[in-house]
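Per-entry structural report
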Amino acid sequence: MDNKYDILQLLRSVADGSTAPEDALLKLKEAPFEDLDYAKIDFHRSIRQGAAEVIYGAGKTPEQIAGIASAMGEKGCRNILITRVGQETVDLLPDSIPLEYHASARLAVAYPEARPGRGNIVVATGGTSDIPVAEEAALTAEAMGNHVTRLYDVGVAGLHRLLSSLDVLMSARCIIAVAGMEGALASVIGGLADCPVIAVPTSVGYGASFGGLSALLSMLNSCASGCSVVNIDNGFGAGYLASRINQMEGLKEE
């Protein structure tokens, strides 16, 4: 029981008399989490937030990642995101866990399952060097059931590249702007688009960019309304937030 649909079906079975209230209560009590000693897996995350719990791979052993992913897979969780995980760790995971690995984004999807993409999220980058962070955002959004359009290398050093895709920007429900150095892309897109813009500063740049701090401060001080900012290199956070915005807009339209 890992989503709202399962809970609704259980409640309907109680209503029509096919499930005793006591049995339903037991199922709900058993469902919330599983204690693996090194992790407490939150199986109700998808019910509260619309997506399964995400595994942050950095700092975890292959055995811990495998244990968490296997337990989630056995409960029916699909498209389980494993973020910030390297190839060397992925190579040590057992073959029993179906896995898609995207090396540039350092992102794996366990128990992958095709989902029809809803709405339209645009992911744009200032330069090619920002693509790994952008791909983390794009792949996160896609795994959560969103349609994603990529606009890469459209930074302000050649503004005509961005302006040639105005139709793409105007058709988006949410835009993720990924840029390092001075991080100006988010402000430019924020001034053009009529939808929420999520700015992602990256650690790309020379010395005075201070590992992305310069882009972060520029984005936080943007004069374009409707821009929010996530942490440096946090493509996952941007993709997750964009998904919630996109799907909330979709519910309004439906």
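The present account deals with the structure reproduced in this document. (Residues numbered from 1 in each chain as written. Predicted model: local features only at pLDDT ≥ 70, side-chain atom pairs only at ≥ 80, totals over all residues. Heavy atoms only, no water.)

Some remarks on the sheet that holds strand β3 (residues 55–56)
Pairing within the open sheet is mixed, and its four strands lie in the order β3-β4-β6-β5. At either margin of the open sheet sits one strand with a lone partner, and together these are β3 and β5 (99–102). (Pairing = 2+ DSSP bridges. Helix = DSSP H or I, 4+ residues; strand = E, 2+ residues; numbered from the N terminus.)

Some thoughts on unusual backbone geometry
Residue Arg 106 is not a glycine yet carries a positive backbone phi of 50°. Relative to the helices and strands, Arg 106 resides in the loop between β5 and β6 (107–110). Residue Arg 106 is classed as partly exposed on the basis of its relative accessible area of 39%. In this model, Tyr 111 sits at a positive phi of 50°, which is unusual for a non-glycine residue. (Buried < 20%, exposed > 50% of the residue type's maximum accessible area, 1.4 Å probe, protein only.)

Remarks on the sheet that holds strand β8 (residues 146–151)
Taken together, five strands build an open sheet; the order of strands is β8-β7-β9-β10-β11 and the sheet is parallel. Edge strands, defined here as strands with exactly one partner in the open sheet, are β8 and β11 (227–229). Between one strand axis and the next, the sheet turns through 25° on average, direction left out of account. Lying on the sheet, helix α10 (residues 213–220) is in contact with β9 (174–179), β10 (197–201) and β11; it crosses β10 at an angle near 155°. (Axes fitted to C-alpha atoms, helices over the stretch in contact; angles between N-to-C directions. Contact = heavy atoms within 4.5 Å.)

Observations concerning the pairing of β10
Within β10, five of the five residues are buried, leaving the element largely enclosed by the surrounding structure. With burial as the criterion, each face of β10 is covered, one bearing Val 197, Ala 199 and Pro 201 and the other bearing Ile 198 and Val 200. Two elements, β9 and β10, share five bridges in a ladder whose sense is parallel. By the bridge assignment for β10, Ile 175 is matched with Val 197. In this view, the connection linking β9 to its parallel neighbour β10 by way of helix α9 (residues 185–192) has right-handed handedness. Of the strand pairs in this sheet, β10 and β11 are connected by three bridges, and their pairing is parallel. Bridge assignment links Val 197 to a residue of β11, and that residue is Cys 227. (Right-handed = clockwise from strand over helix to strand, strands pointing away.)

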